[in-house]
Amino acid sequence: MIAERDPVNTWIVDDDSIYVYGLKKLIGIKGINTRLSHFINGQEALNALNNANDDHVLPDIILLDINMPIMDGWEFMNEFAKLKPQMGKNITVYIMSPSLDLNDIHRAKNISEITDYIFKPVKPNHLTEIFDQTIRQANENIMKYGT
Amino acid sequence: MSFSEKGKLSGDDVHLTPLINDLDTGIWKYNFNTREVKWSTGFYKVLDFQLNEIECNAYTFFEHLLYHGDKPAFLNAINNRVAENAPPLQLRFLTKKNGYQWFETTIRKQDNEHGCIAYGSLVNINRYKHNDLLSAHNQVINDDAFKTARLGSWEINAQSTDTIQLSTQVYDLFDLQNQLNLSVEEFISFFEPPYRPVLQDAINLTLEHSRPFDIDLLLRSAKNNMLWLKVKAVPVINHFGKCTSVKGIVQDIDSEKRKLLKLEQSINLLTDQNRRLQNFAYIVSHNLRSHTGNLQFMVNLFEQTETSEEREEIFSHIKTISDSLDLTIEHINEIVKIQTEITKERKMVELEPMFKNICSALKNNIEAINARIEGNFTQCPEISYIPAYMESILQNLLTNSLKYSHPDRQPVIKCYTLTEGNHIYLIFEDNGLGIDLERYGDKIFGMYKTFHQNTDAKGIGLFITRNQIEALGGNIKVDSAVNIGTKFTIRLA
């Protein structure tokens, strides 16, 4: 029954095309079972969240960059926090940033919707851990509440 | 010898004799014709002598008891015509136990059958005189102290709020020779114009609401010296809590204040430099790290892939990263240049030819979008500036306007100067895409902030522009409306 379930949905929100390319490649190499969507800034991702009319379209994981044009990661989190209560799915958000700036790290820690802060580039082992954990959690939810 | 023995008192006056003798006051009498001196019992008493302990004669009086230094003044006084209300004379007489002490004597003159007579009453005033001398001495010490401290005092009475009483030292501080009576308005007019309302308001507040104040103000003295003064005041209130007068001081704090201002300037400079350093840290933390991270990422992937197509693809990314790294280093270099060029000398920059040069350098970009460029520098054709900065500012703003032009209309870009008061402004106006300032606000001057999905946006131009303007003490402001246009107002000086 568990094997039958859909792969998790992963949204990458990042304007750095090279990094996104590498991330996709790494996910492929590690054989992680996930469906990937890429948004080049917070606004695009927000639009997609608003337009999702089915929980299956919603992401399980968001890998969010901070510095992006139009709408950056912080602004996106503001909007995300407003939307979260209406969403019928538990979405895990990871910040993925090259910034070692303590201000950025503390700011992320103070946002409860953010699960963790990951330095770019992500270590392959760390990436698999993130997905293992999310898949396990998604399965537990299915056991508890059904689909 | 006393008046009682050889006294010339007679008739009704006889009963006064014991009274006079009991007084703690000595009475003396000098006969100009006989050159005799006589005195009362009290005279012995005030000098602490026993009765008849000293001989009562002119020699004792003038040569023994009266201090030789005071003799000329005494003789002068008795020889001249004595006015009816002449003030008493202060003299030193020798006492038995305490040496010379201060006495006060009245002097009267009379012509009668015995000849011309001078007489007077002598009172010991040593204690008061000492206090007098002491307070005079203290006054001198105080005056010296106030003078050294360059400290004066003033007072405004609530009954007549347009006049002000000033101490000598205030006149000295104001370089005023004559101690003229000044009105409050005149007093305030000695301070530089921007400080006048400050002082007037402070005085009014003290008079009306009993509020004390302590402010530093710049004075232009009568001799045109510029001087920082501390002006401080407290209210004096009556039983009903109403202010009856304002008592204050002014003190010369010029050297301290100037040191403080210099220090503040240094702090501002340091703050600016610190901010630039933080920007460095930011570039290193975000951009350099993002590039090196990607490089590492790609190299690792390269090792894990086998097919040549994949490897070729990864390698093309590595080349892109190498270019990006180079660009970021160039940006860092530009920020370093702000730091090093700020020490360069300012020169007169002619704006019109410089702007034309920049336009011709960007000719291709201008023609590609058929933009109309209008430069008008008649209000201020030249300005003392660092030429490299001015060139960079004009070029960045023009490039910016060209880059974010509106596709639906002919781009019109206006650049002109304005003078207002002591300030010179450079205005840069376009009818381009505009930007949502409510959303982005001051971020547009931040580093690596881009707001349009524009592939050649680097987010460095306006950051550099702002830094150059601020480094020379100016500022830059932006007004913008989406789809209407953007206007940059730069205060150059």
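Residues numbered from 1 in each chain as written. Chains lettered and ligands numbered in written order. Predicted model: local features only at pLDDT ≥ 70, side-chain atom pairs only at ≥ 80, totals over all residues. Heavy atoms only, no water.

### So, the overall build of chain A
And step 1. Within chain A, the secondary structure is distributed over five helices and five strands.
And step 2. Seen in sequence order, chain A has helices and strands lined up from the N terminus as β-α-β-α-β-α-β-α-β-α.
And step 3. In terms of overall size, chain A behaves like a compact globule, its C-alpha atoms giving a radius of gyration of 15 Å where 147 residues would be expected to give roughly 15 Å.
And step 4. Seen through its principal axes, chain A has C-alpha atoms that stretch 45 × 35 × 25 Å.
And step 5. Taking the average place of the 14 positive charges on the side chains of chain A and the average place of its 20 negative ones, the gap between the two points comes to 5 Å. (Helix = DSSP H or I, 4+ residues; strand = E, 2+ residues; numbered from the N terminus. Rg over C-alpha atoms; globule rule 2.2 N^0.38 Å. Lys, Arg positive; Asp, Glu negative; His and termini not counted. Charge placed at Lys NZ, Arg CZ, Asp CG, Glu CD.)

### Structural notes on the domain arrangement of chain B
And step 1. Here chain B is partitioned into domain 1 (3-125), domain 2 (150-252), domain 3 (260-324) and domain 4 (347-491).
And step 2. The centre of domain 1 of chain B, based on its C-alpha atoms, is set 107 Å off from the matching centre of domain 3 of chain B. (Domains from an automatic or database assignment.)

### Some words on the sheet that holds strand β12 (residues 243-252) of chain B
The strands making up a sheet are joined through hydrogen bonds of the backbone, oriented either antiparallel or parallel.
And step 1. Pairing within the open sheet is antiparallel, and its six strands lie in the order β9-β8-β7-β12-β11-β10 (chain B). The sheet is open, and its two edges are formed by β9 (182-183) and β10 (213-220) of chain B, each paired on a single side. (Pairing = 2+ DSSP bridges.)

### Here's the deal with the nonpolar core
Residues and elements named next belong to chain B.
And step 1. One finds Y385, M390, L394, F428 and F488 to be the most contacted residues of the largest nonpolar core, which totals 45 residues.
And step 2. Residue contributions to this core peak at seven residues, all from helix α14 (residues 387-403).
And step 3. Other than its neighbours up to four places away in sequence, F428 contacts F355, L394, L397, L398, S401, I413, K414, C415, T486, K487 and F488.
And step 4. Within the second largest apolar cluster, 30 residues are counted, among which are I156, L182, F191 and L219. (Core = buried A, V, L, I, M, F, W, Y, C linked by side-chain atoms within 4.5 Å. Buried < 20%, exposed > 50% of the residue type's maximum accessible area, 1.4 Å probe, protein only. Contact = heavy atoms within 4.5 Å.)

### Quick word on the UniProt feature "domain: Response regulatory" (unreviewed entry) in chain A
And step 1. Within the UniProt annotation, "domain: Response regulatory" (unreviewed entry) is assigned to residues 9-135 of chain A.
And step 2. Along residues 9-135 of chain A the backbone is 43% helical and 21% strand, and the end-to-end C-alpha distance reaches 10 Å. (UniProt positions renumbered as here; feature names shortened; annotations may be inferred.)

### Considering the pattern of salt bridges
And step 1. In the structure shown here, the tally under the stated rule is 17 salt bridges over all chains.
And step 2. With a shortest N-O distance of 3.2 Å, E75 of chain A and R439 of chain B are connected by a salt bridge. In this pair, E75 of chain A is assigned in helix α3 (residues 73-83) and R439 of chain B in helix α15 (residues 437-440), connecting two distinct chains.
And step 3. Overall, E75 of chain A belongs to the buried group, its relative accessible area being 17%.
And step 4. Here D70 of chain B makes a salt bridge to R92 of chain B, at a shortest N to O gap of 3.0 Å. Of this pair, D70 of chain B sits in the loop between α4 (58-65) and α5 (71-79) while R92 of chain B sits in strand β3 (residues 89-95), and the two are 22 residues apart along the sequence.
And step 5. For R92 of chain B, a relative accessible area of 25% gives the class partly exposed.
And step 6. Salt bridges sharing common partners tie together D214, D216, K230 and K257 of chain B. (Salt bridge = Lys/Arg side-chain N within 4 Å of Asp/Glu carboxyl O.)

### So, the interface of chain B and chain A
And step 1. Facing the 27 residues of chain B at the interface are 27 residues of chain A.
And step 2. Between chain B and chain A, roughly 2,300 Å² of surface is buried when both sides are summed, and carbon and sulfur atoms account for 55% of that area.
And step 3. If you look at where chain B meets chain A, you find two salt bridges.
And step 4. On the surface where chain B and chain A come into contact, there are nine residue pairs in polar contact (both at pLDDT 80 or more). (Buried area = accessible area lost by both parts, 1.4 Å probe. Polar contact = N/O pair within 3.5 Å; in protein donor to acceptor, adjacent residues only side chain to side chain.)

### Thoughts on α4 of chain B
Residue and element names in this part refer to chain B.
And step 1. Those residues of α4 not exposed but buried are A58, T60, F61, F62 and L65.
And step 2. Packed against the buried residues of α4 are β1 (26-31), β2 (36-39), α3 (41-46), α5, β3 and β4 (99-105).
And step 3. Measuring from the side-chain oxygen of the N-cap residue of α4 to the backbone nitrogen of Y59 gives 3.2 Å; that N-cap residue is N57.

### Some words on a nonpolar patch on the surface
Residue and element names in this part refer to chain B.
And step 1. Among the surface-exposed residues, L260, L263 and I267 lie close enough to one another that they form a single nonpolar patch of about 280 Å² accessible area.
And step 2. If you trace the backbone, L260 turns up in helix α10 (residues 254-304).
And step 3. Here L260 falls in the partly exposed class, since its relative accessible area comes to 42%. (Patch = residues over 30% accessible without salt bridge, like charges linked within 9 Å, V, L, I, M, F, W, Y side chains within 5 Å. Areas by Shrake-Rupley, 256 points an atom, 1.4 Å probe, with all protein chains shown as cover.)

### What about the UniProt feature "modified residue: 4-aspartylphosphate" (unreviewed entry) in chain A?
And step 1. Per the UniProt entry, the sites bearing "modified residue: 4-aspartylphosphate" (unreviewed entry) are D65 of chain A in this numbering.
And step 2. Apart from residues no more than four positions distant in its own chain, D65 of chain A is found in contact with V13, D14, D15, G73, M96, S97, P98 and K120 of chain A.

### Describing the sheet that holds strand β3 (residues 61-64) of chain A
Residue and element names in this part refer to chain A.
And step 1. Spatially, the five strands line up as an open sheet ordered β2-β1-β3-β4-β5, and their pairing is parallel. In the strand order of this sheet, the two ends are held by β2 (34-39) and β5 (114-119), each with one partner. Going from strand to strand, the sheet's axes swing by 20° on average, the running direction of each strand aside.
And step 2. Of the strand pairs in this sheet, β3 and strand β4 (residues 92-97) are connected by four bridges, and their pairing is parallel. Counterpart to I62 in the pairing with β4 is V93.
And step 3. Each of β1 (8-13) and β2 touches helix α2 (residues 42-51); the most contacted strand, β1, lies at about 150° to it.
And step 4. Taken strand by strand, helix α4 (residues 102-109) contacts β4 and β5, and its axis lies near 160° from that of β5. (Axes fitted to C-alpha atoms, helices over the stretch in contact; angles between N-to-C directions.)

### Some details on the UniProt feature "domain: PAC" (unreviewed entry) in chain B
And step 1. With numbering matched to this structure, UniProt assigns "domain: PAC" (unreviewed entry) to residues 213-265 of chain B.
And step 2. In this annotation, residues 213-265 of chain B is assigned 23% helix and 57% strand; the end-to-end C-alpha distance for the span is 26 Å.

### Here's the deal with the environment of G31 of chain A
Residue and element names in this part refer to chain A.
And step 1. You can see G31 is positioned in the loop between α1 (17-29) and β2.
And step 2. For G31, a relative accessible area of 56% corresponds to the exposed category.
And step 3. Along the sequence, G31 and D54 sit 23 residues apart, while their C-alpha atoms lie 26 Å from each other.

### A look at the packing of α2 of chain A against α3 of chain A
Residues and elements named next belong to chain A.
And step 1. Interhelical geometry of α2 versus α3 gives an angle of 10° and a closest axis separation of 10 Å. One way to sum up the angle between α2 and α3 is to call them roughly parallel. Crossing of α2 against α3: the hand is left-handed. Contacts from G42, A45, L46, L49 and N50 in α2 reach F76, E79, F80 and L83 in α3. (Parallel < 35°, antiparallel > 145°, perpendicular 65-115°, else oblique. Left-handed = near helix turned anticlockwise from the far one by under 90°.)

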